[in-house]
Every structure is written in C-alpha cells, then in structure tokens.
Amino acid sequence: LGKAVVAVNNSIPERLFRRIAEHCTPPAKVALLGLSYKASTHIIEESQSIMLAKALVAAGYQVALHDPKAHDAVNQAFDGDMIVFCSDPYDCIDSAQAIVLLTEWPEYRSLDLQSISDKASTGAMVLDSWRILKGMETQLLTYVPVGIGPVSKT
C-alpha cells in the first residue's frame, strides 16, 4: 500500500503539468498558490508544488508563486530569475493563463472570486486541488476541481 501511495503522490505534478500544457503553452504565465507540502508549515521538501514549479520552469513557462510561509525555503530551491515569488496572491494571479491551487491554506478559502476573475487572463484555467474555490465557474475562466469526476468545460 505504501508503494502505491508514493506512486500516486509522485504522479500528481505530471498530471497537473499535462492539464496546464493542454490549456496553454510556454511562455504563458502560470500561478501556483501553495508551495509547502501542507498548510501551516514552511516545509517544501517532497512538495508536489515545487516539483510542478520546476517542471514548468524547465518547459519555459513564466511561473509565479505564492505561499504564506514558504518564501525563504522557495528562494533557496530556485535559481535567481527562474520564478517570481509574490507576497500577495492577487499579484501572483495577475495575467496568469493558468492558476493552480496546491495547498489548502485557510487564506485561499477567503480569496475574492471576482478579484481572481478580474486579475487573471481572460479564459484562464483554475485547477483547484482542494476544491475550495467553489463558485469560481464564470464565463471568463475555466474552473477545474481536480480529483472529482468528469471535468466541466465551463
């Protein structure tokens, strides 16, 4: 069972990367919200968010990152200009063609959905790994609740 859990966990960054690549191509901006391996910690070791960020950078995407506590750890994990770490989640989302919610921080539950829609690129895709941005379905954005049944093409 342990090996199966590790295999599934390790496949998540690749699956999210494929979804992003189906929606937009480099050098599109991708915003990643939540970098620590779980909420309320700054620890990024074994973080699927960091694995995804590195894959996106390697493919040529512009990657903007936000996490309430992991700023210092993230800066050590990346070289210079490869990523932009934003102190505000709305700055991270600004002009993004894909937004990926990766860690279930309480701060993300209170994000203003209209502000996300206003800041992101028209037609942006929101991949919500925790399904905490319910109600995000708009004509301007494509909301994808990751891990729940068929994907709606809203």
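Relevant structure appears above.
All values derive from a computational prediction rather than experimental measurement.

Student: What should I look at first to understand the side chain of threonine 103 in this one?
Tutor: Position of threonine 103 among the secondary structure elements: in the loop between strand 4 (98-101) and helix 5 (106-109). Threonine 103 sits in the buried class, given a relative accessible area of 2%. In contact with threonine 103, not counting residues within four places along its chain, are Leu33, Gly34, Leu35, Ser36, Lys38, Ala39, Ser49, Tyr108 and Trp130.

Student: Looking at this structure, I do not really get the packing of aromatic side chains. What am I missing?
Tutor: Each aromatic ring pair is specified by the distance between its two centres and by the angle formed by the two planes. For the structure shown, the criterion picks out one aromatic pair. Judged by centre distance (6.2 Å) and plane angle (90°), the rings of phenylalanine 17 and tyrosine 61 are edge-to-face. Within this pair, whereas phenylalanine 17 is found in helix 1 (residues 2-23), its partner tyrosine 61 is found in the loop between helix 2 (48-59) and strand 2 (62-66), the two being separated by 44 residues in sequence. By relative accessible area, tyrosine 61 is classed as buried at 6%.

Student: Just checking my understanding: could you explain the sheet that holds strand 1 (residues 29-33) for this structure?
Tutor: For sheets, the rule is that strands pair by backbone hydrogen bonds, running either parallel or antiparallel. Ordered in space as 3-2-1-4-5-6, the six strands form an open sheet in which the pairing is parallel. Only two strands of the sheet have a single neighbouring strand rather than two, namely strand 3 (83-85) and strand 6 (142-145). Strand after strand, the sheet turns through a mean of 15° between neighbouring axes, direction not considered. Pairing geometry for strand 1 and strand 2, over five bridges, is parallel. Looking at strand 2, one finds that leucine 32 is bridged to leucine 65. Packing against the sheet, helix 2 makes contact with strand 1, strand 2, strand 3 and strand 4, and its axis sits at approximately 170° to strand 1.

Cut-offs used in this document
- Residues numbered from 1 in each chain as written.
- Predicted model: local features only at pLDDT ≥ 70, side-chain atom pairs only at ≥ 80, totals over all residues.
- Heavy atoms only, no water.
- Helix = DSSP H or I, 4+ residues; strand = E, 2+ residues; numbered from the N terminus.
- Buried < 20%, exposed > 50% of the residue type's maximum accessible area, 1.4 Å probe, protein only.
- Contact = heavy atoms within 4.5 Å.
- Phe/Tyr/Trp six-rings, centres within 6.5 Å; stacked < 30°, edge-to-face > 60°.
- Pairing = 2+ DSSP bridges.
- Axes fitted to C-alpha atoms, helices over the stretch in contact; angles between N-to-C directions.

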